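Structural overview for review
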Amino acid sequence: MRDVQISDHFDSSTILIFALPSIGMMLVANVYLVATGFLVSNYIGAAAFAAENLIIPPFQILAGLGMMFGTGASAVIARELGAGRPERACGILSMIFLALALIGLLIAALLYPKLPAIATWVGASENLVPICVEFGGSLMLFIPFQMPTMLLQILLITAGRPGLGFAISALQAAVNILMVWVFVVVCGWGMKGAALGIGLAWLSGLMIPLVYFSNPKNQLHFVHPICAWKIFWETMYNGASQMVDITSVAIVSMVFNLQLMRYLGEFGVAAYAVGGYVMALLFSTYGGVSMSIVPVVGYHFGAGNHEELRSLRRKGMLLVMGMGILLAAFSAGLAENIAGVFVGYDESLKALATEALRFLSLTFLFIGVIIFSSSYFTGLGQGTLSLIISLCNSLLGPLAMVHLLPPLLGRKGIWLAEPAAQCLTLLIVVTGCFLWWKRKSNIIEENR
């Protein structure tokens, strides 16, 4: 079967085929985080498991920077390729990579001394703060490598090499699982060993993309970076919705953790973490489709193929809705078994995690269409609409619901906060954005 190119005609099956490497890339990227959580929980303990999930959200925000630049640059570079300007596309690639590498160094230097304060701020109790600092301090040393890694792996899709991105993610997963197992289980290095294993996986994922983009025979490759501040800010703006998605998840996680500590203590954080791992793992399917659709939409938008854009929207929506039904049934049906894998050593914690996961599985019925819509508008260069969707889905809705529902429903209100927020976002915000875009597109076509 021939490779699918971003210039091709896409139907539902073609979208899925094109997205499979990206789905696999995101899946294995989350697999090693899940594996780390499993090893930490079962070999270090429930307190370490809770501490890991308390300190991880700030690192998710930093990962969001890599996603923002990667997704934003993907749309901009794909547009330049679609318009027949490959030299300029290479200059933009080089500029964004250099800028992100420098940003990563600066952030790591500034935040490393602040980790004890950060641990306290995210809700860690007195006995959990040292564990958070031990894990976070070791992980912070690798942040300068992690953000450029995410950038280049996303741009491999734009370069027409999504399969290579998947292979790199598989390598990262293998390195992470092996190293964390060696450092935690064999060497007994505790949380420092877990962080070191993750960091070495990030580093391994940077090497191959560096070699690929350093080859001048490839269509996209490193050249002397252009100095175009307008493009730099456009890249940030256009990828802002993806940054908002990840940052919002991190902020919401921190607020949820504070509510969980209030209602259920450390057990609540650990139980919700089990659901969070499963959600992140299965969300990879949506993430892969949405990540892949951005350069496709950007290319056809740059080429003026409006009928293809409408077809992409219809068929992509049908695809993610079908996926949502299957994933909701899967996660709810196997909730008890999944909880047993992570926290089977404690029956009360296992029961709490099972309950959380069954409620959280409802998110799959709504989230696919929301994520796809946000990425679709990113590809069109409509960063504002994408940002509105992301803000309502990932930040404003969950924050409102996690404060409104628990006083009414107790701990079940915490589990239901995200599904309720996503349902409202889908019914009101996404529908409104598409109606606005349809009206604007009709006006543009009438004036031609």
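Residues numbered from 1 in each chain as written. Predicted model: local features only at pLDDT ≥ 70, side-chain atom pairs only at ≥ 80, totals over all residues. Heavy atoms only, no water.

1. Regarding the overall build of the protein
Each helix and strand in the protein was counted, giving 18 helices and zero strands. A compact globule built from 448 residues would reach a C-alpha radius of gyration of about 22 Å, and the protein, at 21 Å, matches this within 12%. Dimensions along the principal axes, computed over C-alpha positions, put the protein at roughly 65 × 45 × 40 Å. Residues classed as buried in the protein amount to 58% of the 448 residues present. For the protein, restricting intrachain contacts to residue pairs at least 6 apart in sequence, the fraction spanning at least 24 positions comes to 81%. Side-chain charges of the protein comprise 22 positive and 20 negative groups, with the mean position of each set lying 8 Å from the other. (Helix = DSSP H or I, 4+ residues; strand = E, 2+ residues; numbered from the N terminus. Rg over C-alpha atoms; globule rule 2.2 N^0.38 Å. Buried < 20%, exposed > 50% of the residue type's maximum accessible area, 1.4 Å probe, protein only. Contact = heavy atoms within 4.5 Å. Lys, Arg positive; Asp, Glu negative; His and termini not counted. Charge placed at Lys NZ, Arg CZ, Asp CG, Glu CD.)

2. Topic: the environment of Leu-391
Position of Leu-391 relative to the elements: it lies in helix α16 (residues 383-404). In sequence terms Leu-391 and Ser-348 are 43 residues apart; their C-alpha atoms lie 35 Å from each other. Among all residues touching Leu-391, those that are not within four sequence positions of it are Val-244, Leu-396 and Gly-397.

3. Examining the packing of aromatic side chains
Tallying each qualifying case throughout the model produces 13 aromatic pairs. When the centroid spacing of 5.6 Å and the interplanar angle of 45 degrees are considered together, the rings of Phe-69 and Phe-232 count as tilted. Separated by 163 residues along the polypeptide, Phe-69 in helix α2 (residues 46-82) and Phe-232 in helix α9 (residues 229-238) bring together distant segments of the chain. Residues Phe-69 and Phe-232 agree in their burial class; the two are buried. Seen in terms of ring centroids, Phe-183 and Trp-189 are 5.0 Å apart; in terms of plane orientation they differ by 10 degrees. Their pairing is stacked. Given the relative accessible area of 44%, Trp-189 is considered partly exposed. A connected cluster of aromatic rings, assembled from ring pairs, spans Phe-69, Trp-229, Phe-232 and Trp-233. (Phe/Tyr/Trp six-rings, centres within 6.5 Å; stacked < 30°, edge-to-face > 60°.)

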